[in-house]
Number of protein chains: 2
Amino acid sequence: MSVTIKDIAKLAGVSHTTVSRALNNSPLIQEETKARIRIIAEQLDYTPNYSAKSLVLDRSYNLGLFFTTLSNGTSAGFFYEAIRGVNSVIRDRYQLIVKGIDDYTSFHSITKKSFDGIIIVSQSDDDQPIIEHIAAKGIPLVVLNRPVETAGVLNVLSDEEQGAFHAGTFLVQQGHQRIALIEGRKGFKSAQNRKDGFERAMDHHGISVPPEYRMPGLYDLESGHKAMRQFLSLTDRPTAVFCCNDEMALGAIKAVFEAGLQVPQDISVVGFDDTVFAAYVTPALTTVRRPIEQISKEGAMRLLGNIENKWHETEQLLLRTELIVRESVQSLHT
Amino acid sequence: MSVTIKDIAKLAGVSHTTVSRALNNSPLIQEETKARIRIIAEQLDYTPNYSAKSLVLDRSYNLGLFFTTLSNGTSAGFFYEAIRGVNSVIRDRYQLIVKGIDDYTSFHSITKKSFDGIIIVSQSDDDQPIIEHIAAKGIPLVVLNRPVETAGVLNVLSDEEQGAFHAGTFLVQQGHQRIALIEGRKGFKSAQNRKDGFERAMDHHGISVPPEYRMPGLYDLESGHKAMRQFLSLTDRPTAVFCCNDEMALGAIKAVFEAGLQVPQDISVVGFDDTVFAAYVTPALTTVRRPIEQISKEGAMRLLGNIENKWHETEQLLLRTELIVRESVQSLHT
DNA sequence: CACATCTATGCACACGTTAACAATAGTCTT
DNA sequence: AAGACTATTGTTAACGTGTGCATAGATGTG
């Protein structure tokens, strides 16, 4: 039905071996012959059968891009930027297969034959089993966004603990003492890191955060909203709230306005991630920027290097986060 | 290196054909034999080589999910919901390959062998060539989000013109007369539809929209911001602005606040899409909801039906949009 | 000129799987 | 009891491509 190298061979009056070599630009074939074969291939609109190639070359031309989950807790902006970053690096060379790890009932089908390499955007320690599985199968792997110790696994992430530390410190420097925290989704590593960084900042500046100034969150708008309402109901309410991501910050700000109060005049809010809308909400959100697209690009480049040079570099790459000061924090200094 | 059916055959003392049949649960094989072979396969941790299967079965187990572009103009929320919807339908049965159409330099590699089916989330008439190409190759195809006439192509979309008509009508009903428009990205079909619906509403209610009440936009925050600044500089500024998506609406609202004015007291704003944050901005955004996840699920289901039953249903499915009234529109009736 | 060397091409097989056809043994029918 | 039929398994080829080895002609070499 579709055109094969044998069809080309027949028309060119050569063996299919010669066609194969010609199309792969083997030095064994005369330039003249190559040219002739290429023209015929072109005319017949020949496309190689990748299944056949894969079978004999033992390469799948597939890269996996796995997220902890596609259903919940992964923010859209994050997801988008990650895919975009990876895609911009791999372009034509591989097909990008997107999956949620929680969609797998068994890792059985993840083999060296079906993936030339895998990128995991990991948000949770629960991803460890799949990481071990992939590493054990000897598939080139890079894990983004979460520190991983597994041998032979590349690792690219940003220093979120440090970012949160800066954000916390900034609040203190602006004169805040009563500072509350809305935590990230339980089980997500980033949630832990951000909380840790925040608390280190508080400790470092001798500020204590009482239990009623801590609320759990789910990284979504609604949980930020709910948490802030809780804070507002306190008799001694905080003057500033550190939210573990921008979406929760947005929900929190909403709650403040609904209570008839102002951000930042009555209460200051800090987010994390610097999502696209952070600059455009009112007030513009002070937040911590995390170079997601750079992380995914860097990760993809390292993965390709690893696949193609068969060269394992286990070093961890830690990219810097950056505090972006906008308008959502009030200085309490007279 | 890796386990094949021949290895299993050797251990089971049968031919590899029997193993193949057993693992595919062929009725030709005795239950007892099947059981024995399955156990051995399990023990050896056998995984079929999909390249080999593909080669002989002439199926790739791949579904393509193509977007007009991954780089620009596709909003993150939209992208996320589309992938999520499709993914939830296909689950284990296929691998989902995500691509931007503008990444293709040639459609040459898109063949029946490499994709069992394709879903295009199309935003622009410029996608027509690839649609024709895929249809010509006889690959099952469903186009989402944009009307398509090409024969044999399934089509699922929402009635955006109607949604925009409702939004425009709503503004008029609230007593607005001076109504401005921030358009969507040029070349995007949705931009045209939304504009058309809006204008039909204006015509229908006998309201004219002068040229200075029309600004181009790019579907992003910044262009909405810029357009609104333009409107605010008019001596006779509009009382309401219809923005062709929520992101531009958010940018527009920002511009209003920056000018020291209030939404909706001084100026009303309507968006389109009902993105996750629409309910959480201040004021909560009145907008048109578009069932993206439903569209993508419906599209994926139809595609699978088409692939598996080889059954072409060319009918177009038009899903309803819905006006979500929140707080960003002021009623001008006393 | 006989022999070695090099160049361009072909032959045959391999990759792992499925499927058409063949073969064998057992069961049923009349 | 012979022929037909059934149930189960095996033999062999096929899918499309790449590669080790053989081959044939050309060229060089002493």
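Going by the annotation in an unreviewed UniProt entry, the name recorded for chain A is LacI family transcriptional regulator, with Paenibacillus pectinilyticus given as the source organism.

Trainee: Mind showing me how you'd approach the interface of chain B and chain A here?
Mentor: How big an interface is tends to be reported as the loss of accessible area on association of its parts. Listed by partner, the interface residues are 53 residues for chain B and 53 residues for chain A. Buried surface at the junction of chain B and chain A, both sides included, amounts to about 4800 Å², of which 56% is carbon and sulfur. Among the residues of chain B in contact with chain A, Tyr80, Lys254 and Tyr280 of chain B are the three that bury the most area, contributing 15% of the side total. There are 6 salt bridges connecting chain B and chain A. A salt bridge links Asp45 of chain B to Lys137 of chain A; the nearest nitrogen and oxygen atoms lie 3.6 Å apart. Inspection of the region where chain B meets chain A yields 18 residue pairs in polar contact (both at pLDDT 80 or more).

Trainee: Just to check I follow, could you spell out the domain arrangement of chain A for this structure?
Mentor: Split into domains, chain A comes out as domain 1 (5–48), domain 2 (62–159 + 292–320) and domain 3 (160–290). Put simply, the middle of domain 1 of chain A and the middle of domain 3 of chain A, counted by C-alpha atoms, are 64 Å apart.

Trainee: Just checking my understanding: could you explain unusual backbone geometry for this structure?
Mentor: With glycine set apart, most residues show a phi of negative sign, and most peptide bonds adopt trans. Cis peptide bonds are those with omega within 30 degrees of zero, and the linkage from Val263 of chain A to Pro264 of chain A qualifies with 5 degrees. When you line up the elements, Pro264 of chain A lands in the loop between helix H10 (246–258) and strand E9 (268–270). Cis geometry is adopted by the peptide bond preceding Pro283 of chain A, which originates at Thr282 of chain A and carries an omega value of -5 degrees. By the secondary structure assignment, Pro283 of chain A is in the loop between E9 and strand E10 (287–289). The phi dihedral of Asp45 of chain B falls on the positive side, at around 55 degrees, and the residue is not glycine. The class for Asp45 of chain B is partly exposed, based on a relative accessible area of 38%. With a phi angle near 70 degrees, Tyr219 of chain B is a residue other than glycine that sits in the positive phi range. Of note, Tyr219 of chain B is situated in the loop between strand E7 (214–215) and helix H9 (221–232).

Trainee: Sorry if this is basic, but what is going on with the protein's contact with DNA strand D here?
Mentor: As a structural note, the neighbourhood of DNA strand D is formed by 28 residues, with Ser20 and Tyr46 of chain A together with Ser15, Thr18 and Thr33 of chain B the closest of them. Counting only the atoms of DNA strand D within 4 Å of the protein, the fraction contributed by sugar and phosphate is 60%. The separation between a phosphate oxygen of DNA strand D and a polar main-chain atom of Ser15 of chain B is 2.8 Å. Between DNA strand D and the protein, one listed contact pairs a phosphate oxygen with a backbone N or O atom of Gln30 of chain B at 3.1 Å. Of all elements in the fold, only helix H1 (5–12), helix H2 (16–23) and helix H4 (50–57) of chain A together with helix H2 (16–23) and helix H4 (50–57) of chain B reach the threshold of two or more residues within the surface near DNA strand D.

Trainee: Teacher, can you tell me more about the sheet that holds strand E8 (residues 240–243) of chain B here?
Mentor: Strand pairing in a sheet is mediated by backbone hydrogen bonds. Such pairs are either parallel or antiparallel. Residues and elements named next belong to chain B. Here we have 4 strands laid out as an open sheet, ordered E7-E6-E8-E9, and parallel in their pairing. Edge positions in the open sheet fall to E7 and strand E9 (268–270), since each of these has one partner strand only. Here 4 bridges tie strand E6 (residues 179–182) to E8, and the two strands are oriented parallel to one another. For Leu181, the partnering residue across the bridge sits in E8 and is Phe242. Together, E6, E7, E8 and E9 form the strand contacts of H9, whose direction differs from that of E6 by roughly 150 degrees.

Trainee: In this structure, what is going on with the pairing of strand E1 (residues 62–67) of chain B? I would like to understand it.
Mentor: Looking along a regular strand, one sees the side chains alternate between the two faces of the sheet. Residue and element names in this part refer to chain B. Of all 6 residues that make up E1, 6 are buried, and the element is covered over most of its length. Where burial is concerned, the two faces of E1 agree: the one with Asn62, Gly64 and Phe66 and the one with Leu63, Leu65 and Phe67 are both buried. Relative to strand E3 (residues 117–121), E1 runs parallel, the two sharing 5 bridges. Considered in E3, the bridge of Phe66 is made with Ile120.

Trainee: Got a minute to help me understand the nonpolar core in this structure?
Mentor: Within soluble globular proteins, side chains that are nonpolar generally end up buried alongside one another. By size, the foremost hydrophobic cluster in this structure holds 100 residues, and its most contacted members are Met228 and Phe242 of chain A together with Met228 and Phe242 of chain B. Membership of the second largest hydrophobic core comes to 60 residues, among which are Tyr80 of chain A together with Ala82, Val142 and Ala300 of chain B.

Trainee: Just checking my understanding: could you explain the pattern of salt bridges for this structure?
Mentor: The full count for this structure, using the stated rule, is 42 salt bridges over all chains. Glu308 of chain B is the partner of Arg93 of chain B in a salt bridge, and the nearest nitrogen-oxygen pair spans 2.8 Å. Of the two residues, Arg93 of chain B is situated in the loop between helix H5 (76–90) and strand E2 (95–100) and Glu308 of chain B in helix H11 (residues 292–309); the sequence distance between them amounts to 215 residues. One salt bridge in this structure joins Arg194 of chain B and Asp273 of chain B, with 3.2 Å as the shortest N-O distance. Within this pair, whereas Arg194 of chain B is found in helix H8 (residues 189–204), its partner Asp273 of chain B is found in the loop between E9 and strand E10 (287–289), the two being separated by 79 residues in sequence. Like Arg194 of chain B, the residue Asp273 of chain B is buried in the burial classification. Taken together, the shared-partner salt bridges in this structure form one network comprising Glu160, Arg194, Asp273 and Arg290 of chain A.

Trainee: Can you help me understand H9 of chain B in this one?
Mentor: Side chains that are three or four residues apart share a direction in an α-helix, a result of its 3.6 residues per turn. With 12 residues, H9 of chain B should cover 16 Å at 1.5 Å per step; its first-to-last C-alpha distance of 17 Å lies within 8% of that length. The inward-facing, buried residues of H9 of chain B contact E6, E7, E8, helix H10 (246–258) and E9 of chain B.

Trainee: What should I look at first to understand the side chain of Ser114 of chain A in this one?
Mentor: Residue and element names in this part refer to chain A. Within the secondary structure, Ser114 sits in the loop between strand E2 (95–100) and strand E3 (117–121). Its relative accessible area of 12% is what places Ser114 among the buried residues. Aside from chain neighbours lying at most four places away, what touches Ser114 is Ser60, Asn62 and Ser109.

Trainee: Could you clarify how one ought to interpret the packing of aromatic side chains in this entry?
Mentor: Where two aromatic rings form a pair, the distance of their centres and the angle of their planes describe that pair. Inspection of the entire model under this criterion finds 20 aromatic pairs over all chains. With a centroid separation of 4.7 Å and an interplanar angle of 55 degrees, the aromatic rings of Phe67 of chain A and Phe79 of chain A are classed as tilted. In this pair, Phe67 of chain A sits in strand E1 (residues 62–67) while Phe79 of chain A sits in helix H5 (residues 76–90), placing the two residues 12 residues apart along the sequence. Take Phe67 of chain A and Phe79 of chain A: they sit in the same class, and that class is buried. One aromatic cluster is present, formed by Phe67, Phe79 and Tyr80 of chain A together with Phe67, Phe79 and Tyr80 of chain B through successive ring pairs.

Trainee: Looking at this structure, how should I read a nonpolar patch on the surface?
Mentor: Taken together, the side chains of Leu55, Val56 and Leu57 of chain A together with Leu55, Val56 and Leu57 of chain B make up a nonpolar region of the molecular surface, amounting to roughly 570 Å² of accessible area. Every element with two or more residues in the nonpolar patch is listed here: H4 of chain A together with H4 of chain B. Classification of Leu57 of chain B by relative accessible area gives partly exposed; the value is 47%.

Trainee: Mind showing me how you'd approach the relation of the copies chain B and chain A here?
Mentor: Superposing the two chain copies requires a rotation about an axis and a translation along that axis. Note on the identical chains: chain B maps onto chain A by a rotation of 180 degrees and an axial translation of 0.0 Å, with an RMSD of 0.1 Å. In symmetry terms, the pair is related by a two-fold rotation axis. A share of 100% of interface residues in chain B that are also interface residues in chain A marks the association as one of identical surfaces.

Conventions adopted
Here the residue numbers are simple positions, counted from 1 along each chain's written sequence. Here every chain gets a letter starting at A, and every ligand a number starting at 1, in the order they are written. This being a predicted model, a pLDDT of at least 70 is required before a residue's local features are given, and a value of 80 or more before pairs of side-chain atoms are given or counted; all residues contribute to the totals for chains, interfaces and linings. As a rule here, side-chain values cover all heavy atoms of the structure and leave hydrogens and water aside. The contact criterion used throughout is that any non-hydrogen atoms of two residues lie within 4.5 Å. Put simply, buried area is the surface a 1.4 Å probe can reach on two separate parts but cannot reach once they are joined, added for both. Counted as salt bridges are all cases of a side-chain nitrogen of Lys or Arg within 4 Å of a carboxyl oxygen of Asp or Glu. Polar contact is defined as a pair of N or O atoms within 3.5 Å, subject to the rule that within protein one atom must be able to donate a hydrogen and the other to accept it, and that residues adjacent in sequence are counted only when both atoms are side-chain atoms. Annotation comment: domain bounds sourced from an automatic or database domain assignment. Here a helix means four or more residues in a row that DSSP labels H or I, a strand means two or more in a row labelled E, and each is numbered from the N terminus. The classification of residues rests on relative accessible area computed with a 1.4 Å probe and restricted to protein chains. Under 20% of the type maximum is buried, over 50% is exposed, and intermediate values are partly exposed. Whether a residue is near a molecule or strand depends on its heavy atoms: it is near if one of them lies within 4 Å of it. For two strands to be treated as a pair, DSSP must find at least two bridges joining them. Every axis corresponds to a line fitted to the C-alpha atoms, with the helix fit spanning only the stretch in contact, and the corresponding angles, defined between N-to-C directions, vary from 0 to 180 degrees. The term nonpolar core refers to a set of buried residues drawn from Ala, Val, Leu, Ile, Met, Phe, Trp, Tyr and Cys, joined through side-chain atoms within 4.5 Å. Take the number of residues in a helix, subtract one, and multiply by 1.5 Å to get its expected span. Between 30 and 60 degrees the pair is tilted, below 30 it is stacked and above 60 it is edge-to-face, where a pair is any two Phe, Tyr or Trp rings, Trp via its six-membered ring, whose centres lie within 6.5 Å. Candidate patch residues must exceed 30% relative accessible area and have no salt bridge, after which like charges are joined if within 9 Å and Val, Leu, Ile, Met, Phe, Trp or Tyr side chains if within 5 Å. In short, Shrake-Rupley with a 1.4 Å probe defines the accessible areas, and a residue's cover is counted only from the protein chains shown. C-alpha atoms of residues with pLDDT of at least 70 in both copies form the basis for the least-squares superposition of the copies.

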